[in-house]
Every structure is written in C-alpha cells, then in structure tokens.
Amino acid sequence: MSEAYQPKLDLVVIGNGMAGLRVLEDLLEMAPERYRITVFGAEPHASYNRIMLSPVLAGDKAFAEIQTRDRDWYDDNGITLYTGEAVETIDRRRRMVISDTGREVGYDRLVLATGSRPFIIPVPGHDLDGVISFRAIGDVNAMVDASENGGRAVVIGGGLLGLEAAYGLHQRGMQVTIVHLNNQLMERQLDAQAAALLQHSLAQRGLSFRMEAETAAITGDADGRVTGLRFKDADDSTLDADLVVMAVGIRPNIALAESAGLHCDKGIVVNDTMQTFDPRIYAVGECVEHRKAVYGLVAPLWDQARVCANHLAWRGHSHYDGSVTATQLKVTGIDMYSAGDFAADADTETLTYADIRRGVYKRIVLRDDRITGVVLYGDTRDGGWYFKHLQAGTDMSACRDLLVFGKAFVEAGNDATDEDASDQEAA
Ligand SMILES: Cc1cc2nc3c(=O)[nH]c(=O)nc-3n(C[C@H](O)[C@H](O)[C@H](O)COP(=O)(O)OP(=O)(O)OC[C@H]3O[C@@H](n4cnc5c(N)ncnc54)[C@H](O)[C@@H]3O)c2cc1C
C-alpha cells in the first residue's frame, strides 16, 4: 500500500518538555500526515526552553524570550494540546490514557517524555514553606518572589544547577551560601584544580560556601516557614536562611510507566529504537534508561528524539547508541567546559596547561592517543573542537605535543609540517 492510503493512527505524547516537543518537530518533518496527535503537558505553558531558566532567574532574559512553540504552532499542525493536565493512568489493554481531569484518549502509539523530578533530601523540615527546587518556571517565579526583599538564601548542592541557582539569586540581591557535601564543586564535571578556580571566581562575585557540609535538618518557625539549616557536625552548627533551594540531583519520572507495568530500573528501560517493554510505547528524554545509562542534559535527548521519530515515521531502523555529554556553566563571565571522562588511570595520559594568574586551566585526557575527556576553565574557545575529536575517536598522536594549546596551534603546526613536507618533496 502506498503512503497516501495509510489511515491515520492516533499518537499520544505524555510530557510536553524538551524531549516530547523535539519528537513532534522531527516527526512532523518526516511524516506530517501519519498521525492524529494529542499532547498532554502537566505544566500550564505551551513549551519553553528549560535550560534557559537560569538566565531568567538571573534577570538576563524574560520568560517570553525562552518560550519555544506557542499554541498557534500546535493548532497549525493539527495537534491537540492539553496543558496543565497530567496523565494519571495508562490502560494498556484498552490502549487508552486517562488524565487527572478524567479525560480519556485512545492511542495506537504512545510516547512517554515525562522528564525528571528533583530529588528532595528527606531531612526533617524538607517540606517547610520556603524550601524549593529548581526545575520549572514555577520554581523560578517562587525564587524571584522570595528574593524581592533581599534576605539570605541557601542553595544545597554545588553542581551545575545549584551554582546557576545561587548565581541567579545573588543577581537578584540575596546573600547566598552554597552548601556542598563534597570538598570540591561540580566534582562530576571538573577536576580539583578547575573546581578550585571556579570556587575562587564565584567567591569573588560574592557567593559564600560551606564545603563538606551535610544537612541534618531544615529548621522553621511556628508558622511553618523556613529559618535555616542545622548541620551534621560535632557542634550541630547552623546557618540562617529565608529561602532554601535544593539542587542535589534528579530522578527519572517513572511512576506512570511503572504503574502501567512497563519495565523500569533507574529509568524507563528502552531499546535502541526507544521502544519500551511494550513496543507500541516509546520513551525519550530524562525519564529513559538506555543501556544502563540515564542522562540529565539535552544533547542526548536530541539524538533519542530523532531515532524515536524515525521509527514512528516508519522510516526503517536508525539506532540510538548512547551519548557522550559536554557541560557548560551558564554564569556570566565564567567560562567552563567539561566533556567525557577525565578520570586518569594507568592506561591514560593526561596533558595539562595552567596559567593560574590568568585563571586559565586545561586538562586533556588521552587513551591510546584518543581524547577521552576534556576540562577547560577560563578559555573554553576550543571546547567544541576537542569534543568533535573525542566523539570521532580521532588519533591525535601526530599533534599530541601541541594539543593542549588548542585548535589554532595544532592547525598551524600541521600547516608547518605540511610545508616542511612539500619543501622536502621540492628539494
Ligand atoms: C535550570 C536548569 C538548567 C539546565 N541547564 C542545562 C544546560 O545548560 N545544558 C543541558 O544540556 N541541560 C540543562 N538542563 C537539563 C535539561 O533542561 C533537561 O535535560 C531537559 O529539559 C530534559 O527534557 P525532558 O523532556 O526529558 O524533560 P522535561 O523538560 O522536564 O519535560 C518533561 C515534561 O513532562 C511533564 N510531565 C511529567 N509527567 C507528566 C504526566 N504524567 N502527564 C503530563 N505531563 C507530564 C513535566 O511537567 C514536564 O513539563 C537544565 C535543567 C534545568 C532545570
């Protein structure tokens, strides 16, 4: 049967975040007529770029600037969009989803793109008024409101999200302390040297730190409003706070999938075509576990969404093989880039360049002459170039000596080598 005679199928997408939207965009490009599409999003807005919540918190962007597709886009593409409406049940036998308003919609194919939820440390006081996380525009609005009268904020967590929250609140006029369990910031993305430079730069901007500090309890007043933290240390020391932001990690949103009997572990387990245990049901984004890996950055989601859309469009098989990720901190004036695995072992070789007075530090980790990890601080211009070679698995032995100085030196070196070679040939 030719494509023109295919009857339309019903596609339902649960979750209108970055991954869900990207599947729609890719699918409309590949097979605009194949499905009647319905989308459920628990948040009240059509769609926005979650990454850019940090600049919104810092006051560098307005929410309107980070909205991606408006309602007209959904209408124009014939997509039925329900916002502020969460799906509560997937009835796989009837192939039906049921939302929290009782709405029932049938599907032939279903995409789960339910993202993650922030992990809340279950210490006493975690549910006090004024304790929030940093995930959605609602959280940003709550932080902006709380910062209106200045005051003291504590951010628990010295990872990417915690530091961006801290910076934003500082820009909004709050006195901010970052409380971190580890003795270095962003320990999963940075080595000790780069983390020290980062902490120094943030301290110079006016942020305070309590490192190697574990929260025992969040304290509150008689009205149930947060007043501070108590630490797990010998003195039971405390820190005053008018606002506490928890940024200690995320957990894939798997409850809905689990309740539908889909195989889940850390995330919703999918195969290389992004199908779950039930082949009619796909999953993409942060809610997914693929080959034991779960991701918390957007780049993998683009690849996953493409593969998912490709399969939905019956374009034959393309496969998702997993992703290597790169991270950049969105704090104005701080340049930091990290990609791949920068841990050294007996089989790796580490190249470093440090100009501490200028605040520049670079570390390139090689295994069998191929880049496996990069940490750049202070000068991140070549981040993308290193990453490209990391992903391609390029043999860098020919330019190893110049590698740490970056692309321009390597290319100039190669030109010089080429010239030498042609001189010799001419001779
Ligand atoms: C402040 C911040 C800064 C970030 N910065 C970066 C960065 O610099 N670089 C980077 O790569 N990544 C960054 N990230 C991570 C990035 O935003 C995520 O990787 C990405 O948004 C994940 O997309 P997703 O679609 O899987 O999940 P989400 O974007 O969270 O979307 C999931 C959506 O599903 C909805 N949903 C859940 N359950 C249901 C249900 N039952 N029914 C209906 N709807 C439901 C949720 O409400 C949500 O809207 C940042 C994240 C945050 C919070």
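Residues numbered from 1 in each chain as written. Predicted model: local features only at pLDDT ≥ 70, side-chain atom pairs only at ≥ 80, totals over all residues. Heavy atoms only, no water.

Asker: What exactly am I supposed to notice about the domain arrangement of the protein chain here?
Answerer: In many reports, interface size means the accessible area that the parts give up when they come together. For the protein chain, the domain assignment lists domain 1 (9-117 + 250-312), domain 2 (131-246) and domain 3 (335-426). Contact with domain 2, which involves 11 residues of that partner, is made by nine residues of domain 3. Buried surface at the junction of domain 2 and domain 3, both sides included, amounts to about 870 Å², of which 74% is carbon and sulfur. Run the count over domain 2 and domain 3 and you get one salt bridge. The residue arginine 363 makes a salt bridge to aspartate 191 at a minimum N-O spacing of 3.3 Å. Run the count over domain 2 and domain 3 and you get four residue pairs in polar contact (both at pLDDT 80 or more). A breakdown of the residues in the side of domain 2 that touches domain 3 according to their chemical character gives five nonpolar, three polar and three charged. (Domains from an automatic or database assignment. Contact = heavy atoms within 4.5 Å. Buried area = accessible area lost by both parts, 1.4 Å probe. Salt bridge = Lys/Arg side-chain N within 4 Å of Asp/Glu carboxyl O. Polar contact = N/O pair within 3.5 Å; in protein donor to acceptor, adjacent residues only side chain to side chain. Nonpolar A, V, L, I, M, F, W, Y, C, P; charged D, E, K, R; others polar.)

Asker: Mind showing me how you'd approach the sheet that holds strand β7 (residues 109-112) here?
Answerer: Remark on secondary structure: sheet strands pair via backbone hydrogen bonds, oriented parallel or antiparallel. Spatially, β3-β2-β1-β7-β19 is the arrangement adopted by the five strands of the open sheet, whose pairing is parallel. Single-partner strands in this sheet number two, and they are β3 (80-83) and β19 (281-283). Put simply, the sheet's adjacent strands are angled 15 degrees from each other on average, direction ignored. Here strand β1 (residues 9-14) runs beside strand β2 (residues 35-41); their pairing, made up of six bridges, is parallel. Directly across from leucine 11, in β2, lies its bridge partner isoleucine 37. In the packing of helix α1 (residues 18-30) onto the sheet, the strands contacted are β1 and β2, and the crossing angle to β2 comes to about 165 degrees. (Pairing = 2+ DSSP bridges. Helix = DSSP H or I, 4+ residues; strand = E, 2+ residues; numbered from the N terminus. Axes fitted to C-alpha atoms, helices over the stretch in contact; angles between N-to-C directions.)

Asker: Explain a negative patch on the surface here, please?
Answerer: A cluster of acidic residues, Asp70, Asp72, Asp75 and Asp76, forms a negative patch at the surface. Tracing the backbone shows aspartate 75 in helix α4 (residues 71-76). Taking relative accessible area as the criterion, aspartate 75 reaches 53% and is therefore assigned exposed. (Patch = residues over 30% accessible without salt bridge, like charges linked within 9 Å, V, L, I, M, F, W, Y side chains within 5 Å. Areas by Shrake-Rupley, 256 points an atom, 1.4 Å probe, with all protein chains shown as cover. Lys, Arg positive; Asp, Glu negative; His and termini not counted. Charge placed at Lys NZ, Arg CZ, Asp CG, Glu CD. Buried < 20%, exposed > 50% of the residue type's maximum accessible area, 1.4 Å probe, protein only.)

Asker: How should I be thinking about the site of the ligand in this particular structure?
Answerer: Close to the ligand lie 30 residues; Ala19, Glu43, Arg135, Glu286 and Lys330 are nearest. A distance of 3.4 Å separates an oxygen atom of the ligand from a polar atom in the backbone of alanine 113. Elements supplying a minimum of two residues to the shell around the ligand: α1, β2 and α9 (298-312). A breakdown of the residues in the shell around the ligand according to their chemical character gives 15 nonpolar, nine polar and six charged. Split by domain, the shell around the ligand shows at least three residues from each of two domains, domain 1 (9-117 + 250-312) and domain 2 (131-246). (Near = heavy atom within 4 Å.)

Asker: In this structure, what is going on with the pattern of salt bridges? I would like to understand it.
Answerer: Where charged atoms of side chains with opposite charge meet at close range, the side chains can pair. All told, the structure shown has 28 salt bridges when counted by the stated rule. Of the charged contacts, one joins aspartate 233 and arginine 210 as a salt bridge, the two residues approaching to 3.8 Å between their closest N and O atoms. With aspartate 233 in the loop between β14 (226-231) and β15 (238-240) and arginine 210 in strand β12 (residues 208-211), the pair connects residues that are 23 residues apart, well separated along the chain. The class of arginine 210 is partly exposed, set by a relative accessible area of 26%. The salt bridge involving arginine 400 is made with glutamate 349; its shortest N-O contact spans 2.5 Å. With arginine 400 in the loop between α10 (383-392) and α11 (407-426) and glutamate 349 in strand β23 (residues 348-355), the pair connects residues that are 51 residues apart, well separated along the chain. One salt-bridge network, held together by shared partners, links Arg22, Glu25 and Arg69.

Asker: In this structure, what is going on with the packing of aromatic side chains? I would like to understand it.
Answerer: Between two aromatic rings, the relevant description is the distance of the centres plus the angle of the planes. Under the counting rule described, the total for this entry stands at six aromatic pairs. Aromatic side chains tryptophan 73 and tyrosine 74 sit 5.0 Å apart centroid to centroid with 90 degrees between the ring planes, which places their arrangement in the edge-to-face category. Residue classification places tryptophan 73 among the buried residues on the basis of a relative accessible area of 14%. Measuring from centroid to centroid gives 5.2 Å for tryptophan 385 and tyrosine 386, while their planes differ by 65 degrees, and the two rings are edge-to-face. Members of the aromatic cluster, connected to one another through ring pairs, are Tyr353, Phe405 and Phe409. The side chain of arginine 22 reaches across the aromatic face of tryptophan 302, ending 3.9 Å from its centre. A cation over an aromatic ring shows up here: lysine 362 above the ring of tyrosine 353, its NZ or CZ 5.6 Å from the ring centre. (Phe/Tyr/Trp six-rings, centres within 6.5 Å; stacked < 30°, edge-to-face > 60°. Lys NZ or Arg CZ within 6 Å of the ring centre and 35° of its normal.)

Asker: It is not clear to me how the environment of glycine 296 should be interpreted in this structure. Could you clarify?
Answerer: Mapping glycine 296 onto the fold places it in the loop between β20 (288-290) and α9. Residue classification places glycine 296 among the partly exposed residues on the basis of a relative accessible area of 43%. For the pair glycine 296 and glutamate 258, spaced 38 residues apart in the sequence, the C-alpha separation amounts to 20 Å. Setting aside chain neighbours within four positions, we find glycine 296 in contact with Ile250 and Glu286.

Asker: Honestly, helix α6 (residues 160-171) in this entry has me stumped. Any pointers?
Answerer: Given 3.6 residues per turn, any residue in an α-helix points the same way as the ones three and four places further on. For α6, spanning 12 residues, the distance from its first C-alpha to its last is 17 Å, which sits close to the expected 16 Å at 1.5 Å a residue. The element α6 is extensively covered by neighbouring structure, given that nine of its 12 residues are classed as buried. Residues of α6 that are buried: Leu160, Gly162, Leu163, Glu164, Ala165, Ala166, Tyr167, Gly168 and Leu169. Within two residues after α6, glycine 173 carries a phi angle of roughly 95 degrees, on the positive side. (Expected span 1.5 Å × (residues − 1).)

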